[in-house]
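A look at the structure
As a plain string of letters, each chain reads:
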Amino acid sequence: MPEPVVSVVIPLYNARDVIQETIESVFAQTYHEYEIVVIDDGSTDGSGDELRLYGDRIRYIQQPNGGVAQARNRGIAAAHGRYIALLDHDDLWAPDKLAKQVEVLDTQPAVGMVVTDVAHL
């Protein structure tokens, strides 16, 4: 399988009730050249059990609790993509988010980072 263009890095801590919906929002993307790297930062609520159903569709890495920054950094270090997309364990993406961001990054070489607005629903 070719290297992914985007690595979606999700730090996870005690989010059993929301992590599936977050991951499903990545699977719903119109852009498909990505990998998902979930870093479980010492969850104690069985969050990791919710991820077993995804099998090899995600990469799951466990570590002792060190905080969200440490978990993100570990995910970035494990990433294979050309671009990194950070996603919190309780956030959702619009289906065209990655497509729009990759288009900007690919067509405008002077741009080094793309950020989006947030909608609180």
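Residues numbered from 1 in each chain as written. Predicted model: local features only at pLDDT ≥ 70, side-chain atom pairs only at ≥ 80, totals over all residues. Heavy atoms only, no water.

**Some remarks on the packing of aromatic side chains**
- On inspection of all chains with the given rule, the structure shows 1 aromatic pair.
- Residues Phe27 and Tyr54 carry aromatic rings whose centres are separated by 5.5 Å and whose planes lie at 55° to one another, so their mutual orientation is tilted. With a gap of 27 residues between them, Phe27 in helix α1 (residues 19–27) and Tyr54 in the loop between β2 (34–41) and β3 (59–63) connect regions that are remote in the sequence.
- By relative accessible area, which is 15% here, Phe27 ends up buried.
- A relative accessible area of 3% places Tyr54 in the buried class.
- One Lys or Arg, Lys97, reaches over the ring of Trp93 and ends 4.4 Å from the middle of that ring. (Phe/Tyr/Trp six-rings, centres within 6.5 Å; stacked < 30°, edge-to-face > 60°. Helix = DSSP H or I, 4+ residues; strand = E, 2+ residues; numbered from the N terminus. Buried < 20%, exposed > 50% of the residue type's maximum accessible area, 1.4 Å probe, protein only. Lys NZ or Arg CZ within 6 Å of the ring centre and 35° of its normal.)

**Focus on the sheet that holds β2**
- One open sheet accounts for 4 strands, arranged β3-β2-β1-β4; its pairing is parallel. Edge strands, defined here as strands with exactly one partner in the open sheet, are β3 and β4 (83–86). Adjacent strand axes in the sheet meet at a mean angle of 25° when their direction is disregarded.
- The pairing of strand β1 (residues 6–12) with β2 spans 7 bridges and is classified as parallel. Paired with Val8 across the strands is Ile36, a residue of β2.
- Here α1 sits on the sheet in contact with β1 and β2, set at roughly 165° to β2.
- Helix α3 (residues 97–107) contacts β1, β2 and β4 of the sheet and is inclined by roughly 145° relative to β4. (Pairing = 2+ DSSP bridges. Axes fitted to C-alpha atoms, helices over the stretch in contact; angles between N-to-C directions. Contact = heavy atoms within 4.5 Å.)

**Focus: the layout of surface pockets**
- Quantified by volume, the largest pocket comes out at close to 970 Å³.
- Contributing to the lining of the largest pocket are 31 residues, with Leu86, Trp93, Lys97, Gln101 and Thr116 lying nearest its centre.
- Of all the secondary structure elements, the ones that give two or more residues to the lining of the largest pocket are β4 and α3.
- If you tally residues by element for the lining of the largest pocket, the top one is α3, at 7 residues. (1 Å grid on protein atoms, 1.4 Å probe; cavity = no way out; pocket = protein on both sides within 12 Å on 5 of 7 lines; lining within 4 Å. Points joined across faces, edges and corners; volume = space filled by probe spheres on them.)

**Regarding the pattern of salt bridges**
- Tallied over the entire structure, the rule returns 7 salt bridges.
- The closest approach of N and O atoms between Asp49 and Arg16, which form a salt bridge, is 3.8 Å. With Asp49 in the loop between β2 and β3 and Arg16 in the loop between β1 and α1, this residue pair connects regions lying 33 residues apart in the sequence.
- Salt bridges linked by common partners bring Arg16, Asp49, Glu50 and Arg52 together as one network. (Salt bridge = Lys/Arg side-chain N within 4 Å of Asp/Glu carboxyl O.)

**Observations concerning the nonpolar core**
- Grouped together as the largest cluster of nonpolar side chains are 24 residues, with contacts concentrated most on Val6, Val8, Ile23 and Ile36.
- For this core, the secondary-structure elements that each account for two or more residues are β1, α1, β2, β4 and α3.
- In this structure, Ile23 is in contact with Ile10, Ile36, Val38, Leu51, Tyr54 and Ile58, ignoring residues within four places of it in sequence.
- Counting 5 residues, the second largest nonpolar core, distinct from the first, contains Val37, Ile39, Ile61 and Ala78. (Core = buried A, V, L, I, M, F, W, Y, C linked by side-chain atoms within 4.5 Å.)

**A closer look at unusual backbone geometry**
- The phi dihedral of Asn14 is positive, around 45°, even though this residue is not glycine.
- The residue Asn14 is located in the loop between β1 and α1 in this model.
- In this structure Asn14 comes out as partly exposed when scored by relative accessible area, which is 28%.

Any functional reading would require information that these geometric values do not contain.
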